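Breakdown of the fold
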Amino acid sequence: MQVMTRDTLLEMEEDDDEDGDIALENLEQTVISNFGAHEIRTPDFEEFNGKPDSLFFNDGQRKIDFILVYEDESRKENNKKSSNEKQRRKRQAYESNLICDGLQLEATRSVLDDKLVFVKVHAPWEVLCTYAEIMHIKLPLKPNDLKTRLSAFDSFNWFTKFLQVDETLIKPEQEFFTAPFEKDRMNDFYIHDRDAFFNPATRSRIVYFILCRIKYQVTDSVSKFGIKKLVSSGIYKAAFPLHDCQFNHQSEDPSCPNERYLLYREWAHPRSLYKKQPLDLIRKYYGEKIGIYFAWLGYYTQMLLLAAVVGVACFLYGYYNQDNCTWSKEVCNPDIGGNIIMCPQCDRLCPFWKLNITCESSKKLCIFDSFGTLVFAVFMGVWVTLFLEFWKRRQAELEYEWDTVELQQEEQPRPEYEARCTHVVINEITQEEERVPFTTWGKCVRVALCASAVLFWILLIIASVIGIIVYRLSVFIVFSAQLPKHFNGTDPIQKYLTPQTATSITASIISFIIIMILNTIYEKVAIMITNFELPRTQTDYENSLTMKMFLFQFVNYYSSCFYIAFFKGKFVGYPGDPVYWLGKYRNEECEPGGCLLELTTQLTIIMGGKAIWNNIQEVLLPWIKNLIRRYHRVSGSEKITPRWEQDYHLQPMGKLGLFYEYLEMIIQFGFVTLFVASFPLAPLLALVNNILEIRVDAWKMTTQYRRMVPQKAQDIGAWQPIMQGIAILAVVTNAMIIAFTSDMIPRLVYYWSFSVPPYGEHTHYTMDGYINSTLSIFNIMDFKSERRENPYSGLGNHTTCRYRDFRYPPGHPQEYKHNIYYWHVIASKLAFIIVMEHVIYSVKFFISYAIPDVSKSTKSKIKREKYLTQKLLRENHLKDVTKNMGVIAEKMMGVVDNSLRPKSE
């Protein structure tokens, strides 16, 4: 071990604060060594031993638990010698503290680039035991002898066997009774092999815990610490645990478990697309946090299968019944729709137009605006409740199987939080002094500032939505003037490209681009806000960040859909007295069939564009980056490179880890549930996307990314209440879409009330004449002066035009006022919303009550394990006490004998 004097390495300037000063006090409980040592110790340098698959130090005995990578300051090609010297001092001080804390380091230069140095970190047995007790890590006591109850689906094993992973390759994990580790009770734990007692994931987690809390600089009693700051400031280039082998072939080391290879073969490879996920191996290799994500994603995808089947059935029902759609036939009929002259939809350039130019869109609308849509909306309200309730049960099973039932009690404070704990308060429960980072007033100020920042960004999104609306209103005038005014039935483009359709498609694309740009900016802002808020634990941090990001993303992704569904075409007035935005732009109107088809178009573009964009980001970008890295080091490709250097050239996982994976799926979950009444094929698209998403995520984690630091997680965190909130809101939005966006309620009112006397002229219930009854009449002479000059050549000498509304005709005593049909429709819509909401909410409440969050068998297992664990520990404790009492009794008897022997003699 190389040794230097401390004074030569810790002469650090007080003004050197490029990575921030953080007060570090009250960290005794983390057993962090200080700078009180008189010598700086640095790791020994060893040459690469030529074993590319080795996971050990050069001695072949000590496992590599973590890798630190830095660029040798003496070989950097720049002129910043003073800056390089400061970085070298900090790094050497940090590594010295790691050694003082018990970790063992070994440095090796890069085979391909001699400027890079890889520092291998090993945690010996004593350090592992010490920190396992500090972190309250649960470790095996004895093998689990509880019998597993047979499932009701076990009788179908012959059918599902081909879906299972190959158990000859991925063997089922042995289950144990576990308890938080204590060094004083080491004999109680199942330690048959010290090297295997702490698995690689646990070893990496312990080492990372230490790395995040070790200091590297002290200036005026202010300490800087942690590997995160060293990496972000460029002192280290990377810090990561090692993959155990290459993903495409097994290691030559016979002791290597080859878990990465097995995961790639049985999980990430395309040929395993139909197989179930090896969740236990995922959890063992990557940790519970990644394991719970893939468990949730897999369960969500399974439940989508049922929703997709029902959605396709409803779509097919609408598709095969579109020929029976009477109102669409009337629109396309040249004697009906061809003779209905519609009023212009803007003030200057828009012409009069014939209703039958919307023939194709009305046919497509019949597919989505049918009775099947209502059935599917009700079904999805029940489906989402079943999904959430059954997921809670599945999550409880995983908590038991993966030993995370009491995780909240184990979680340690974040080092950033501990470093700020400078205020002393009295704990209300223990009545003892404890340190907190800020006072109650300080906390209120931080919360207020954070809330204000989030609100500002949400208002910024709303402003962008208003900009899109203004774009719609402006460009609609252009399209109305440029696109053909007459429908001749021969031009295939003319049949589909109406002014409304062109405006909707271009606005949707621009909206999607703005969404992506704002996402990129807000990510950095949200992280800054959450760091300023300073949550106590990592779970609190992630939950706080999740809520901030989701509020932003919710408005960002869904605002345009809410506008089309509930605002567009609702407040337009009538041709003689239109409503204007900002006193200048006339409000948009829907097509005669309503805005439902436009909402469907918007959902398709956003869902499809989002899926394509995410796949480009998740697959192509890391693959291209790794390809470029391989190209740059192709000159040294003939050299044998060690495991740590191969992993270094992979892509690092982002700072937010799985956050964007969850967010992508939750946004999709919102599209599938909130607006499913307008697009019954949404669950099918989500199902296909998720089947690919699971394997894409698996592929990039096993092949393109460095191994993540394994982390514990009890559940999916703040995403659970977010999904519950979406499920409650989905009932309201779908009821309102059916009531206000689709034409289902007006059609039903016409069929049952206005097609027959006293309001109608037909002798039986029918949909004939529906289009004529829903289009009001307007006298062209009632236009404002500038409107009278609007050209309508070729359409005949008409004195009236039609518009979509329920108003009295000109000449009526209440001309242009809402008629009786309007009030019947409004009353029916409100009644429908109330009935649908109450029915679905009642069913949801009953399902939630009937399905417990934790199954009876899981509760029994948890109680049984807790009982047996306590009994085992108590029995072992009693054995130790009895043994000690026996030793003490023997000693006392010996003393008594020695004291009585002289008297008897």
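Structure first, text after, so check above.
Residues numbered from 1 in each chain as written. Predicted model: local features only at pLDDT ≥ 70, side-chain atom pairs only at ≥ 80, totals over all residues. Heavy atoms only, no water.

1. Here's the deal with the overall build of the protein
Secondary structure assignment for the protein yields 28 helices and 21 strands. Classification of the 905 residues of the protein by burial places 50% in the buried group. Taking the contacts inside the protein whose residues are at least 6 apart along the sequence as the reference set, 79% of them involve residues at least 24 apart. Accessible surface, the protein: about 43800 Å² in total, of which carbon and sulfur atoms supply 58%. (Helix = DSSP H or I, 4+ residues; strand = E, 2+ residues; numbered from the N terminus. Buried < 20%, exposed > 50% of the residue type's maximum accessible area, 1.4 Å probe, protein only. Contact = heavy atoms within 4.5 Å. Areas by Shrake-Rupley, 256 points an atom, 1.4 Å probe, with all protein chains shown as cover.)

2. Description of the packing of helix α2 (residues 125–134) against helix α5 (residues 200–211)
As a packed pair, α2 and α5 sit with axes 10 Å apart at the nearest point and diverge in direction by 80°. Regarding the angle of α2 to α5, the classification is roughly perpendicular. Contact residues: α2 offers Val127, Leu128, Tyr131, Ala132 and Ile134, while α5 offers Arg203, Ile206, Phe209 and Ile210. Class assignment of the residues belonging to the contact of α2 with α5 gives a composition of 8 nonpolar, no polar and 1 charged. (Axes fitted to C-alpha atoms, helices over the stretch in contact; angles between N-to-C directions. Parallel < 35°, antiparallel > 145°, perpendicular 65-115°, else oblique. Nonpolar A, V, L, I, M, F, W, Y, C, P; charged D, E, K, R; others polar.)

3. Quick notes on a nonpolar patch on the surface
A contiguous nonpolar patch, built from Ile612, Ile616, Leu620, Leu621, Trp623, Ile624, Leu627 and Ile628 and spanning about 680 Å² of accessible area, is present on the exposed surface. Along the polypeptide, Ile616 turns up in helix α19 (residues 596–632). You can call Ile616 partly exposed: its relative accessible area is 36%. (Patch = residues over 30% accessible without salt bridge, like charges linked within 9 Å, V, L, I, M, F, W, Y side chains within 5 Å. Salt bridge = Lys/Arg side-chain N within 4 Å of Asp/Glu carboxyl O.)

4. So, helix α9 (residues 288–320)
With 33 residues, α9 should cover 48 Å at 1.5 Å per step; its first-to-last C-alpha distance of 48 Å lies within 8% of that length. Along α9, the helix axis deviates most sharply at Leu305, where the bend reaches about 25°. (Expected span 1.5 Å × (residues − 1). Bend = angle between axes of the 7 residues up to and from the residue.)

5. Concerning the pattern of salt bridges
A full pass over the atoms with the stated rule returns 28 salt bridges. For Lys712, the salt bridge goes to Glu288, with nearest N and O atoms at 3.3 Å. Taken as a pair, Lys712 in the loop between α22 (682–704) and α23 (719–741) and Glu288 in helix α9 lie far apart in primary sequence, 424 residues in all. With a closest N to O distance of 2.8 Å, Arg804 and Asp743 form a salt bridge. Within this pair, whereas Arg804 is found in strand β21 (residues 800–804), its partner Asp743 is found in the loop between α23 and α24 (744–754), the two being separated by 61 residues in sequence. Judged by relative accessible area, which is 30%, Arg804 ranks as partly exposed. Here the residues in one salt-bridge network are Glu85, Arg88 and Arg89, joined through shared partners.

6. Some thoughts on helix α27 (residues 820–850)
If you check α27, its first and last C-alpha atoms are 45 Å apart, about what 31 residues at 1.5 Å a residue would give, namely 45 Å. The complete set of buried residues in α27 reads Tyr821, Tyr822, Val825, Lys829, Phe832, Ile833, Met836, Glu837, Ile840, Lys844 and Ile847. On its buried face, α27 sits against α12 (371–401), α23, α24 and α25 (770–774). Its side-chain oxygen placed 3.2 Å from the backbone nitrogen of Tyr821, Asn819 serves as the N-cap of α27. (Polar contact = N/O pair within 3.5 Å; in protein donor to acceptor, adjacent residues only side chain to side chain.)

7. Focus on the nonpolar core
Note that soluble globular proteins tend to have their nonpolar side chains buried in a common cluster. Counting residues in each nonpolar core, the largest one holds 162 residues, and the members touching the most others are Trp296, Tyr300, Trp383, Phe387, Phe671, Phe675 and Trp719. For this core, the leading source of residues is α9, giving 15 residues. The residues touching Trp383, leaving out its near neighbours within four places in the chain, are Tyr300, Met303, Leu304, Leu306, Ala307, Phe669 and Thr673. Within the second largest apolar cluster, 44 residues are counted, among which are Ile99, Val121, Ala123 and Leu141. (Core = buried A, V, L, I, M, F, W, Y, C linked by side-chain atoms within 4.5 Å.)

8. Considerations on the state of the cysteines
Within this structure, the stated rule accounts for 3 disulfides. The side chain of Cys325 participates in a disulfide bridge whose partner is Cys366; the two sulfur atoms lie 2.2 Å from each other. Taking the sign of the S-S torsion, about -65° here, the bridge from Cys325 to Cys366 comes out left-handed. Here Cys325 is found in the loop between α9 and α10 (326–332), whereas its partner Cys366 is found in helix α11 (residues 359–368), with 41 residues between them in sequence. We note that Cys325, like Cys366, is buried. Paired through a disulfide, Cys332 and Cys359 show a sulfur-sulfur distance of 1.9 Å. Judged by the sign of its S-S torsion, about 105°, the bond between Cys332 and Cys359 is right-handed. With Cys332 in helix α10 and Cys359 in helix α11, the pair connects residues that are 27 residues apart, well separated along the chain. (Disulfide = S-S within 2.5 Å.)

9. A word on the sheet that holds strand β3 (residues 44–45)
Strand order in the open sheet formed by 5 strands is β3-β5-β6-β4-β11, and the pairing between neighbours is mixed. Edge positions in the sheet fall to β3 and β11 (238–240), since each has one partner strand and no second. In the packing of helix α1 (residues 81–100) onto the sheet, the strands contacted are β4 (66–71), β5 (104–109) and β6 (116–122), and the crossing angle to β4 comes to about 160°. Of the strands in this sheet, β4 and β6 are in contact with α5, which crosses β4 at around 45°. (Pairing = 2+ DSSP bridges.)

10. Some words on the side chain of Asp743
Owing to a relative accessible area of 7%, Asp743 belongs among the buried residues under this scheme. A polar contact is formed between the side chain of Asp743 and the side chain of Tyr770, at a distance of 3.2 Å.

11. Remarks on the packing of aromatic side chains
In total, this model carries 57 aromatic pairs according to the counting rule given. Ring geometry for Tyr750 against Tyr770: centres 5.6 Å apart, planes inclined by 70°, an arrangement best described as edge-to-face. On the criterion of sequence distance, the pair formed by Tyr750 in helix α24 and Tyr770 in helix α25 is long-range, its members being 20 residues apart. Judged on exposure class, the residue Tyr750 and its partner Tyr770 are both buried. Consider the rings of Tyr751 and Trp752, whose centres lie 5.0 Å apart with planes at 85°: the pair is edge-to-face. The lysine or arginine in question, Arg446, covers the ring of Phe532, its NZ or CZ lying 4.7 Å from the ring centre. Lying across the ring of Tyr285, Arg707 places its NZ or CZ 3.8 Å from the centre. (Phe/Tyr/Trp six-rings, centres within 6.5 Å; stacked < 30°, edge-to-face > 60°. Lys NZ or Arg CZ within 6 Å of the ring centre and 35° of its normal.)

12. Comments concerning a positive patch on the surface
Where like charges cluster on the molecular surface, the positive patch consists of Lys142, Arg864, Lys871 and Arg874. The leading source of residues in the positive patch is helix α28 (residues 856–904), at 3 residues. Among the structural elements, Arg864 can be located in helix α28. (Lys, Arg positive; Asp, Glu negative; His and termini not counted. Charge placed at Lys NZ, Arg CZ, Asp CG, Glu CD.)

13. Looking at the packing of α12 against helix α21 (residues 659–674)
Relative orientation of the contacting elements α12 and α21 amounts to 145°, with a least axis distance of 10 Å. Two secondary-structure elements touch here, α12 through Met380, Trp383, Val384 and Phe387 and α21 through Phe669, Val672 and Thr673. Tallied by class, the residues present in the contact of α12 with α21 amount to 6 nonpolar, 1 polar and no charged.

14. Overview of unusual backbone geometry
The amide bond that connects Pro757 to the next residue, Pro758, takes the cis arrangement and shows omega of 10°. Secondary-structure assignment places Pro758 in the loop between α24 and α25. Here the phi dihedral of Asn258 falls at roughly 55°; this positive angle occurs in a residue that is not glycine. Turning to its location among the elements, Asn258 is positioned in the loop between β11 and α7 (259–268).

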